[in-house]
Amino acid sequence: MIVLHHLQDSRSQRVLWLLEELGVDYEIHYYQRDPGTNLAPPELREVHPLGKSPVITDNGRTLAESGTIIDYLARSYGNDPWTRDPGDADYWDYDYWMHYAEGSLMPPLLVQLIFSKVRSSAPFFVRPIAAGIADQVDKAFTSGQIRTHCRFVEAHLADRKWFLGNAISAADIQMSFPLEAALGRAVPAEDYPHIADYVRRFQRRPAYRRALDAVEDHYAYGPDHLGGD
């Protein structure tokens, strides 16, 4: 049986969503973040040396990295619409979005999150200095980069229901988390209506809702941020 090592409010939520879409049997091993550091607990290092989530185990194999896990599950347990093969007309588009999610879109979001922690967790006597540094990084790099990426994705989704056209694919699963995170904490949804509509669209899917119900805690980037129904 597939075992998903799932960390609270993390990229593994999208893997859980895909498992529900595929209708396969799976088991969740649930891990909560450390309340002080917000990091994964040390128990995850017993599963994979990096101690991060998502990680799955299946048929004696341990896999980390969201893109690898999603592609593996879609190819192993899904049907043709979930993946693309070399030679398919949209294979390179599929490959691009599978890499873009973590390679391009997530880094500025992560930098912004780190510096938001700097603002809130620095000792009170240096907090104004720390906040000033964080503000400068945000002004010089993160805010502009996030807006650039969001404009790029917004334009792509202007005439598409899903990233590859009219049918959902594993690329949509991979892209879901950074877009939820962007709308949840980085940019206003009203500035990017096509992204907001897209996120609402996949958040209405029954499998997505089942994935929300499968975890112990409320998912921080779920439908509440967009007024989803």
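Keep in mind that this is a model prediction, so the values were computed, not measured.

Next up on the list: the overall build of the protein. Across its full length, the protein carries seven helices and four strands. Counted from the first residue to the last, the protein has its helices and strands arranged as β-α-β-β-β-α-α-α-α-α-α. Relative to all contacts within the protein whose residues are 6 or more apart in sequence, the contacts with residues 24 or more apart total 65%. For the protein, the accessible area works out to roughly 11500 Å², and carbon and sulfur atoms hold 51% of it.

Moving on to the pattern of salt bridges. Inspection of the entire model under this criterion finds nine salt bridges. A salt bridge links D90 to R84; the nearest nitrogen and oxygen atoms lie 3.0 Å apart. For the pair D90 and R84, a shared accessibility class is recorded, and that class is buried. Across the pair D159 and R160 runs a salt bridge whose closest N-O atoms are separated by 3.0 Å. We classify D159 as exposed; its relative accessible area is 62%. Residues joined by salt bridges that share partners form a network here, namely R11, R14 and E102.

Tracing the chain through its elements places R204 in the loop between α6 (193-203) and α7 (206-214). Through-space distance from the C-alpha of R204 to that of P223 is 8.5 Å; in sequence the pair is 19 residues apart.

A few words on the pairing of strand β3 (residues 55-58). Consecutive residues of a regular strand have side chains that alternate between opposite faces of the sheet. Bridging between strand β1 (residues 2-7) and β3 involves three bridges; their strand directions are antiparallel. Opposite L4, over in β3, you have I56 as the bridge partner. The pairing of β3 with strand β4 (residues 61-64) spans four bridges and is antiparallel. Counterpart to T57 in the pairing with β4 is T62.

This brings us to the packing of helix α5 (residues 170-185) against α6. In the contact formed by α5 and α6, the axes pass within 10 Å of each other and the chain directions differ by 120°. Judged by the inter-axis angle, α5 sits oblique to α6. For the pair α5 and α6, the sense of crossing is left-handed. Residue-level contacts link D172, S176, L179, E180 and L183 of α5 to I195, A196, Y198, V199, F202 and Q203 of α6. Among the residues forming the contact of α5 with α6, the class breakdown is seven nonpolar, two polar and two charged.

The next thing to look at is unusual backbone geometry. Across the junction of S53 and P54, the peptide omega takes the value 10°, indicating a cis bond. Positive phi, normally seen in glycine, also occurs at N59, with a value near 55°. Given a relative accessible area of 68%, N59 falls into the exposed group.

Relative to the helices and strands, W82 resides in the loop between α2 (66-77) and α3 (91-121). Assessed through its relative accessible area of 9%, W82 is described here as buried. Along the chain, W82 and S169 lie 87 residues apart, while their C-alpha atoms are 4.2 Å from each other. Other than its neighbours up to four places away in sequence, W82 contacts L18, E21, L22, A74, Y94, I168, S169, A170 and I173.

Analysis parameters
Numbering of residues begins from 1 in every chain and follows the order in which that chain's sequence is written. Two thresholds apply to this predicted model, a pLDDT of at least 70 for residue-level local features and 80 or more for giving and counting side-chain atom pairs, whereas whole-chain, interface and lining totals are computed over all residues. Note that water and hydrogens are dropped before the side-chain values are worked out from all heavy atoms of the structure. In this description a helix means any DSSP run of H or I spanning at least four residues, a strand means any run of E spanning at least two, and both kinds are numbered starting from the N terminus. In this analysis, two residues are considered to be in contact whenever any of their non-hydrogen atoms come within 4.5 Å of each other. Each accessible area value is a Shrake-Rupley result obtained with a 1.4 Å probe; residue values ignore everything except the protein chains displayed when judging cover. For this document, the term salt bridge refers to a Lys or Arg side-chain nitrogen within 4 Å of an Asp or Glu carboxyl oxygen. A simple rule labels every residue: compare its accessible area, found with a 1.4 Å probe on the protein chains alone, to the largest value its type can have, and call it buried under 20%, exposed over 50%, or partly exposed in between. Only strands that DSSP links by at least two bridges are regarded as paired with each other. In this description, a line fitted to the C-alpha atoms serves as the axis of each element, helices being fitted only across the stretch in contact, and the angle between N-to-C directions of two axes falls anywhere from 0 to 180 degrees. Our angle categories are set so that under 35 degrees counts as roughly parallel, over 145 as roughly antiparallel, 65 to 115 as roughly perpendicular, and the remainder as oblique. Here a crossing is called left-handed whenever its near helix is offset anticlockwise from the far helix by less than a right angle, and right-handed whenever the offset is clockwise. Residues are grouped as follows: Ala, Val, Leu, Ile, Met, Phe, Trp, Tyr, Cys and Pro are nonpolar; Asp, Glu, Lys and Arg are charged; every other residue, Gly included, is polar.

Note that all results are geometric; they support no functional claim without further evidence.
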